[in-house]
Amino acid sequence: MKLEKTDSLQFPVNWLTLFKHKVSLDNMDDLFEGTILNELNTQVSIQEKIMKAFREITNNYSNDITLEDLLNPNSYIELSLDMKSRTG
């Protein structure tokens with residue numbers, strides 16, 4: 001039996017790191033040049049802000065992705081299980 005884990009292509013986990021970098025106070029120069037943080041200020045709910053950030057950073061504008069998908073850790077990995085008998 002073989003279990004393999006790969007990173008999801010639809011939900012790249014590095015979007016969270018990129019988002020954190022873009023909105024950090026260490027990047028004050030970027031903050032005032034129309035960055036994603038400024039765009040997020042026009043959004044009303046936290047759900048809209050998270051969805052907007054994910055779409056902008058990943059360039060994934062699919063309407064099939066929900067906030068629940070983004071908050072689910074299982075969305076960020078793909079598992080494949082391969083089972084073979086002793087004879088192949």
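Residues numbered from 1 in each chain as written. Predicted model: local features only at pLDDT ≥ 70, side-chain atom pairs only at ≥ 80, totals over all residues. Heavy atoms only, no water.

## Some words on the overall build of the protein chain
Link 1 in the chain: Per the secondary structure count, the protein chain includes five helices and two strands.
Link 2 in the chain: Along the protein chain, from the amino end to the carboxyl end, the secondary structure elements read β-α-α-α-α-α-β.
Link 3 in the chain: Within the protein chain, the fraction of its 88 residues that count as buried is 20%.
Link 4 in the chain: At a minimum sequence separation of 6, the contacts of the protein chain that also span at least 24 residues come to 57%. (Helix = DSSP H or I, 4+ residues; strand = E, 2+ residues; numbered from the N terminus. Buried < 20%, exposed > 50% of the residue type's maximum accessible area, 1.4 Å probe, protein only. Contact = heavy atoms within 4.5 Å.)

## Structural notes on the pattern of salt bridges
Link 1 in the chain: Scanning the entire structure with this criterion turns up three salt bridges.
Link 2 in the chain: With its nearest N and O atoms 3.3 Å apart, the salt bridge here joins Lys5 to Asp7.
Link 3 in the chain: Residue Glu56 pairs with Lys52 through a salt bridge whose shortest N-O separation is 3.3 Å. Placement of both Glu56 and Lys52 in helix H4 (residues 46–58) is noted, with a separation of four residues, approximately one turn of the helix.
Link 4 in the chain: With a relative accessible area of 23%, Lys52 lands in the partly exposed category. (Salt bridge = Lys/Arg side-chain N within 4 Å of Asp/Glu carboxyl O.)

## With respect to the environment of Ser62
Link 1 in the chain: Relative to the assigned elements, Ser62 resides in the loop between H4 and helix H5 (67–71).
Link 2 in the chain: According to the relative accessible area criterion, Ser62 is partly exposed, its value standing at 24%.
Link 3 in the chain: Of note is the side chain of Ser62, whose polar atom sits 3.1 Å from the backbone nitrogen of Asp64. (Polar contact = N/O pair within 3.5 Å; in protein donor to acceptor, adjacent residues only side chain to side chain.)

## Regarding the nonpolar core
Link 1 in the chain: Counting 10 residues, the largest nonpolar core is built from Phe11, Trp15, Met51, Ala53, Phe54, Ile57, Ile65, Leu67, Leu70 and Tyr76.
Link 2 in the chain: Taken together, the elements giving at least two residues each to this core come down to H4 and H5.
Link 3 in the chain: If you tally residues by element for this core, the top one is H4, at four residues. (Core = buried A, V, L, I, M, F, W, Y, C linked by side-chain atoms within 4.5 Å.)

## Topic: the packing of aromatic side chains
By convention here, two paired aromatic rings are described through the distance between centres and the angle between planes.
Link 1 in the chain: The full count for this structure, using the stated rule, is four aromatic pairs.
Link 2 in the chain: Judged by centre distance (6.0 Å) and plane angle (65°), the rings of Phe11 and Tyr76 are edge-to-face. Taken together, the residues span a long stretch of sequence, with Phe11 in the loop between strand E1 (2–7) and helix H1 (14–23) and Tyr76 in the loop between H5 and strand E2 (77–82) at a distance of 65 residues. Pair check on accessibility: Phe11 and Tyr76 agree, each one buried.
Link 3 in the chain: An aromatic cluster is defined as three or more aromatic residues linked by ring pairs; in this entry it consists of Phe11, Trp15, Phe19, Phe54 and Tyr76. (Phe/Tyr/Trp six-rings, centres within 6.5 Å; stacked < 30°, edge-to-face > 60°.)

What is shown is where atoms sit, not what they do.
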